[in-house]
Amino acid sequence: MGVTKKAKITFTCEPSLKDGLEEWAQSESRTLSNLIEMLIRQAYEERFSSADRPADPQPPEPEPAAKPTAAAKATTARAKGGKSKS
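Now for a quick tour of the structure. (Residues numbered from 1 in each chain as written. Predicted model: local features only at pLDDT ≥ 70, side-chain atom pairs only at ≥ 80, totals over all residues. Heavy atoms only, no water.)

Scanning the entire structure with this criterion turns up 4 salt bridges. Put simply, Glu28 and Arg30 hold a salt bridge, and the shortest N to O gap is 3.0 Å. With a relative accessible area of 37%, Glu28 lands in the partly exposed category. On the accessibility criterion, Arg30 (31% relative accessible area) is partly exposed. Salt bridges here are not isolated pairs; linked through shared partners, they connect Lys6, Glu37 and Arg41. (Salt bridge = Lys/Arg side-chain N within 4 Å of Asp/Glu carboxyl O. Buried < 20%, exposed > 50% of the residue type's maximum accessible area, 1.4 Å probe, protein only.)

With that settled, consider the layout of surface pockets. In this approach the atoms are scanned with a rolling probe the size of a water molecule, which exposes any empty space left behind. Estimates place the volume of the largest pocket at around 690 Å³. Considering every element that reaches the lining of the largest pocket, the biggest residue donor is helix 2 (residues 32-49), with 8 residues. Within the lining of the largest pocket, the residues separate by chemical class into 9 nonpolar, 6 polar and 5 charged. (1 Å grid on protein atoms, 1.4 Å probe; cavity = no way out; pocket = protein on both sides within 12 Å on 5 of 7 lines; lining within 4 Å. Points joined across faces, edges and corners; volume = space filled by probe spheres on them. Helix = DSSP H or I, 4+ residues; strand = E, 2+ residues; numbered from the N terminus. Nonpolar A, V, L, I, M, F, W, Y, C, P; charged D, E, K, R; others polar.)

On to the packing of aromatic side chains. Applying the stated criterion across every chain, the model contains 1 aromatic pair. For the ring pair Tyr44 and Phe48, a centre distance of 4.7 Å and an interplane angle of 50° mean the geometry is tilted. In this pair, Tyr44 and Phe48 both sit in helix 2, 4 residues apart, roughly one turn of the helix. One cation-aromatic arrangement involves Arg47 over Phe48; the distance from NZ or CZ to the ring centre is 5.2 Å. (Phe/Tyr/Trp six-rings, centres within 6.5 Å; stacked < 30°, edge-to-face > 60°. Lys NZ or Arg CZ within 6 Å of the ring centre and 35° of its normal.)

Moving on: unusual backbone geometry. If you check the backbone angles, Ser29 has positive phi at about 55° while not being a glycine. Secondary-structure assignment places Ser29 in the loop between helix 1 (15-27) and helix 2. Ser29 sits in the exposed class, given a relative accessible area of 72%.

With 13 residues, helix 1 extends 18 Å from end C-alpha to end C-alpha; this agrees with the ideal 18 Å at 1.5 Å per step. Once helix 1 finishes, Ser29 follows within two positions and takes phi at roughly 55°, a positive value. (Expected span 1.5 Å × (residues − 1).)

The subject of this paragraph is the packing of helix 1 against helix 2. For any two helices packed against each other, the geometry comes down to the angle between their axes and how far apart the axes lie. Relative orientation of the contacting elements helix 1 and helix 2 amounts to 95°, with a least axis distance of 9 Å. The angle between the axes of helix 1 and helix 2 places the two elements in the roughly perpendicular class. Between helix 1, through Lys18, Leu21, Glu22, Trp24 and Ala25, and helix 2, the contact on the second element is made entirely by Leu32, Leu35, Ile36 and Leu39. Among the residues forming the contact of helix 1 with helix 2, the class breakdown is 7 nonpolar, no polar and 2 charged. (Axes fitted to C-alpha atoms, helices over the stretch in contact; angles between N-to-C directions. Parallel < 35°, antiparallel > 145°, perpendicular 65-115°, else oblique. Contact = heavy atoms within 4.5 Å.)

Take a look at the structure:
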């Protein structure tokens with residue numbers, strides 16, 4: 001094996017995930033390490049290139065209803081034919 005200047009990272013995962021990743025890597029004639037590096041690089045680039053794109057428009061959150069003022073209560077009461085308490 002050759003000497004590499006790449007940083008080494010260790011992580012843990014479920015054995016079934018490791019098995020699936022090994023099969024995937026083998027189907028692409030890659031090492032497991034190379035496959036994982038490719039996947040992380042793609043996710044990293046997607047994550048940080050999305051900062052350049054405008055965000056998806058989100059519907060505005062409804063604002064909490066304001067408590068009616070005394071003047072508004074009086075106007076509403078008069079509109080309904082009642083008497084105001086002013």
